[in-house]
Amino acid sequence: MSIFIAIILLGLIILFHEFGHFIVAKANGVCVVEFSIGFGPRLFSFRKGDTDYCLKILPFGGSCRMLSSDEELYELDEEQKEKREQEKQAIEDKFFDYCQGTYAEKLVPEMLALQRLHIKDNLSEWRQLLFFSADIVNSLPYRSERTEYLPVFAARLTKNPHAFDKGTVFGDLLYELVKLDLNHRKMKVERLTYFPSYERQKSFLSCGILLDDVSNYVLLYHVAGVQKNGSYHKGLNGFFEEEDMLQVSLTVLTKLSRLESPDQTLYIDENPSVFAARCMSYPESACMCMNGQPKLAALVALELFAASGTKVYYSGDFDPEGLWIAQRLAYFYPGNFEFLNMDTECYEKCISDEPISDVRLKQLERITDERLLGVVQMMRREKKSGYQEGIL
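Here is a short report on the structure shown in this document. (Residues numbered from 1 in each chain as written. Predicted model: local features only at pLDDT ≥ 70, side-chain atom pairs only at ≥ 80, totals over all residues. Heavy atoms only, no water.)

**Notes on the pattern of salt bridges**
So, point 1. Scanning all chains against the criterion turns up 14 salt bridges.
So, point 2. Residue Lys179 pairs with Glu176 through a salt bridge whose shortest N-O separation is 3.5 Å. A residue pair is termed a helical-turn pair when its members lie 3 or 4 positions apart in one helix, as Lys179 and Glu176 do in helix 6 (residues 169-184) at three residues.
So, point 3. For Lys179, a relative accessible area of 30% gives the class partly exposed.
So, point 4. Between Lys202 and Glu303 there is a salt bridge whose closest N-O contact spans 2.9 Å. Of this pair, Lys202 sits in helix 7 (residues 198-206) while Glu303 sits in helix 11 (residues 296-306), placing them 101 residues apart in sequence.
So, point 5. A relative accessible area of 26% places Glu303 in the partly exposed class. (Salt bridge = Lys/Arg side-chain N within 4 Å of Asp/Glu carboxyl O. Helix = DSSP H or I, 4+ residues; strand = E, 2+ residues; numbered from the N terminus. Buried < 20%, exposed > 50% of the residue type's maximum accessible area, 1.4 Å probe, protein only.)

Below, the structure is given as structure tokens:
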């Protein structure tokens with residue numbers, strides 16, 4: 001009798017243990033192929049969703065069989081595979097109907113191909129991602145000729161401002177859909193190894209989504225902006241006429257088709273103090289400040305200057321980081337780009353007592369622009385930084 005009770009208790013423990021697997025699997029979107037009470041041949045079964053629920057002949061314990069991430073559908077029996085394919089087809093048919101008459105209809109084949117990557121998972125989760133993909137595509141802000149901050153866009157679609165954060169399931173999905181949309185519009189955003197964040201930021205911006213606007217700005221002076229409708233931007237025009245410096249956000253830049261300099265030349269400084277001094281000393285010149293490492297706003301501004309055929313003169317600090325910024329900007333700018341006050345003579349004039357460590361000097365190996373190699377050689381010898389403020 002005691003042995004029989006022990007077997008019953010062991011069976012119950014196994015059953016509850018397997019039920020725990022079942023609950024956790026369902027909660028995490030893992031496909032449960034079969035959940036059974038007992039062992040041996042089936043007495044009774046029914047199917048709901050992806051799962052067969054079974055009562056088996058030996059009423060001891062149970063089992064929970066899951067489809068792992070590296071399993072394929074051929075491990076299911078023929079009847080299960082057929083049912084699953086029918087369910088998938090029904091979801092796809094409903095998806096076609098859902099997208100009909102909307103912008104997403106144009107991207108249905110691409111969205112289906114994208115979401116088939118999730119086909120091994122729970123079909124209800126797959127359906128959710130599929131239909132949500134259409135909602136995202138139909139809601140991209142550029143289609144209403146406006147821009148929207150990413151957290152605001154996320155809250156509008158999901159009530160959660162962090163839903164599309166980088167590295168999340170929805171965040172990765174949004175980026176894939178943005179790229180699908182750009183491809184459909186035949187818009188190519190370059191992948192730049194020397195500006196690794198450019199592709200993602202510019203892709204989102206091309207769909208009207210701002211990843212960071214409050215801190216993404218560029219300083220301009222004596223510059224006019226032409227809007228996409230052909231008229232001049234009144235705000236920029238006012239600062240141009242008053243000869244005042246202006247901090248221009250990424251939002252403003254998205255409204256423009258080009259930026260103009262009075263004489264088609266632009267002076268760019270890495271440092272704000274040098275930029276301010278140049279504006280005061282040469283009030284008729286068009287000037288721009290990078291303020292350290294280039295943000296997307298600065299790169300977009302350069303593209304807008306290139307659209308008006310502007311020639312650029314760039315001045316930056318004499319240290320490994322400064323030379324790397326200078327070289328990357330020269331590579332990036334599609335027009336005429338010259339270095340100003342960045343030769344060996346200027347380095348000698350503004351050299352400081354601040355040492356450059358051997359680790360930082362190692363970074364000079366990535367400088368390959370012939371116009372900077374003389375400075376690189378001298379910097380390796382002197383092992384000291386130089387600053388543009390020293391030659392004002």
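**Here's the deal with the packing of helix 7 against helix 11**
So, point 1. Across the interface, helix 7 lies against helix 11 with an axial gap of 11 Å and an inter-helix angle of 70°. In terms of orientation, helix 7 and helix 11 fall into the roughly perpendicular class. Taking contact as the criterion, the partners of Tyr198, Gln201, Lys202 and Leu205 in helix 7 are, on helix 11, Leu296, Leu299, Val300 and Glu303.
So, point 2. Residue composition of the contact of helix 7 with helix 11, by class: five nonpolar, one polar and two charged. (Axes fitted to C-alpha atoms, helices over the stretch in contact; angles between N-to-C directions. Parallel < 35°, antiparallel > 145°, perpendicular 65-115°, else oblique. Contact = heavy atoms within 4.5 Å. Nonpolar A, V, L, I, M, F, W, Y, C, P; charged D, E, K, R; others polar.)

**A word on the side chain of His233**
So, point 1. Here His233 shows up in the loop between strand 6 (224-227) and helix 8 (234-242).
So, point 2. Assessed through its relative accessible area of 15%, His233 is described here as buried.
So, point 3. Reaching out from His233, the side chain makes a polar contact with the backbone nitrogen of Gly235 at a distance of 3.1 Å.
So, point 4. Filtering out sequence-adjacent residues up to four positions away, His233 remains in contact with Gly225, Gln227, Val252 and Leu256. (Polar contact = N/O pair within 3.5 Å; in protein donor to acceptor, adjacent residues only side chain to side chain.)

**Overview of helix 4 (residues 123-139)**
So, point 1. Taking 1.5 Å per residue, 17 residues should reach 24 Å; helix 4 reaches 24 Å between its end C-alpha atoms and fits that length.
So, point 2. Looking at helix 4, one finds that the buried residues are Leu123, Trp126, Leu129, Leu130, Phe131, Phe132, Ser133, Ala134, Ile136, Val137 and Ser139. (Expected span 1.5 Å × (residues − 1).)

**Some points on the side chain of Asn216**
So, point 1. Examined against the element boundaries, Asn216 turns out to sit in the loop between strand 4 (209-210) and strand 5 (217-221).
So, point 2. Contacts of Asn216, omitting those with residues within four sequence positions, involve Val248, Ser249, Leu250, Lys295, Leu296 and Ala297.

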